Amino acid sequence: MSAATDLSASSLPQSSQLWLSQIWAIMRIELKKALWMRRSVWIYLIALGPAAVIGLHAINSPLGRYCNISDDTTILATIFQIFYLRGVIFFGCMGLFTWLFRGDVVEKSLHYYFLSPVRREVLATGKFLAGLAGSWIIFGGSVFLSFAIMYGHFGRAGADFVFHGPGFGHLLAYLGVTLLACLGYGSVFLALSLAFKNPILPGAVVLLWETFHAVLPSLLQKFSVIFYLKQLCPVSVAPTGIMALFTVVAEPVSAPVAVIGLILLSTAVLACACLQIRRTEISYLVD
């Protein structure tokens, strides 16, 4: 009895090490595919869109001649919350994460993974982490570039704001929120790609939910990714226009609660994806 117990106990670390090594191997393969495949060109283009707009703004007002740091801080916050979170990162994660498995189906290569001695949950985790790393490299790099351009055109005043003021803290917050956005939206789109053969329509439903979450009751707002992301942004942006009339003001949560809530939500969605992949069967004829 004791020998069997010792044997099972000693096998646990070995299996864990095996799973970690398999996850790492899958991550390296999938990360290279995500960053360098030809299909990712449009993702790079939309990621550079906000930085290009900010670049034009910097060219038209060199050294902050026609603007000030306070106004540009608000402009950057608006661009981040509206264009990055609701547009660039959302659609970019849709393209990256839905293609993690759908790409293998289209290329008729998924069966190689399924025939290898790898647990399907390990496969899903490795692909997800690769998508998370790839999306954060792309969109985090774009956010960093936008931030650098926005305050770089102020010259010394911009450098003082970043290195001797709240600017560096804003940058870390934007990069952290970008990572959490990739985590939340990535888990959702990975699960949708496994549950539906064509995830575009469910993705449109998610887009509507995230866009108009502010008009939902307070309890339902907590089941959206953007609810937690807004709490973590360093500069708040008040709703304007017709959305301000129908917005339901939910009780704000602290930063630790927002981070933990988003991680728990993403973990639950990823767990559903792992359960779904265990029942997935390959059928190339219908794709």
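Everything below is about the structure printed above this text.
The structure reproduced in this document is the subject of the present report.

Time to look at the packing of helix α3 (residues 69-106) against helix α8 (residues 200-211). Here α3 crosses α8 at 155°, and the two axes come no closer than 12 Å. The pairing of α3 with α8 is recorded here as roughly antiparallel in orientation. Remark: the crossing between α3 and α8 carries right-handed chirality. Contacts from Arg86, Phe90, Phe91 and Met94 of α3 reach α8 at Gly203, Val206, Leu207 and Glu210. Partitioned by chemical class, the residues of the contact of α3 with α8 number five nonpolar, one polar and two charged.

Ranked by size, the top nonpolar core spans 70 residues in total, and within it Leu85, Ile89, Phe139, Tyr185 and Leu229 carry the most contacts. Broken down by element, this core gets its largest block of residues, 17 residues, from α3. Among all residues touching Tyr185, those that are not within four sequence positions of it are Leu85, Ile89, Phe90, Cys93, Glu210, Val225, Ile226 and Leu229.

Let us look at the environment of Val235. Locating Val235 in the fold gives a position in the loop between α10 (225-232) and α11 (242-246). Distance from Val235 to Tyr174, taken between C-alpha atoms, is 9.8 Å for residues 61 residues apart in sequence. Ignoring any residue separated from it by four or fewer positions in sequence, one finds Val235 in contact with Thr73, Ala77, Gln81, His170 and Tyr174.

Below, the discussion takes up the packing of α10 against helix α12 (residues 255-278). The N-to-C vectors of α10 and α12 enclose an angle of 155°; their axes lie 9 Å apart at closest approach. Here α10 is positioned roughly antiparallel relative to α12, judged by the angle of their axes. Crossing of α10 against α12: the hand is left-handed. Contacts from Val225, Tyr228, Leu229, Gln231 and Leu232 in α10 reach Ala255, Ala258, Val259, Gly261, Leu262 and Leu265 in α12. When the residues that make up the contact of α10 with α12 are grouped by side-chain class, the tally is nine nonpolar, two polar and no charged.

What follows concerns the side chain of Ser142. By the secondary structure assignment, Ser142 is in helix α5 (residues 120-152). The exposure class assigned to Ser142 is buried, which follows from its relative accessible area of 2%. In terms of polar contacts, Ser142 uses its side chain to reach the backbone carbonyl oxygen of Ala47, at 2.3 Å. With near-sequence residues (within four places) excluded, Ser142 lies in contact with Ala47, Leu48, Ala51 and Tyr84.

Another point: α10. With six of eight residues buried, α10 is to be regarded as a mostly interior element. Every buried residue of α10 is listed here: Val225, Ile226, Phe227, Tyr228, Leu229 and Leu232.

As for its position among the elements, Leu129 is in helix α5. On the accessibility criterion, Leu129 (30% relative accessible area) is partly exposed. Counting along the chain gives 58 residues from Leu129 to Ser187, while the straight-line C-alpha distance between them is 9.8 Å. Apart from the residues within four sequence positions on either side, Leu129 is in contact with Ile23 and Met27.

Cut-offs used in this document
- Residues numbered from 1 in each chain as written.
- Predicted model: local features only at pLDDT ≥ 70, side-chain atom pairs only at ≥ 80, totals over all residues.
- Heavy atoms only, no water.
- Axes fitted to C-alpha atoms, helices over the stretch in contact; angles between N-to-C directions.
- Helix = DSSP H or I, 4+ residues; strand = E, 2+ residues; numbered from the N terminus.
- Parallel < 35°, antiparallel > 145°, perpendicular 65-115°, else oblique.
- Left-handed = near helix turned anticlockwise from the far one by under 90°.
- Contact = heavy atoms within 4.5 Å.
- Nonpolar A, V, L, I, M, F, W, Y, C, P; charged D, E, K, R; others polar.
- Core = buried A, V, L, I, M, F, W, Y, C linked by side-chain atoms within 4.5 Å.
- Buried < 20%, exposed > 50% of the residue type's maximum accessible area, 1.4 Å probe, protein only.
- Polar contact = N/O pair within 3.5 Å; in protein donor to acceptor, adjacent residues only side chain to side chain.

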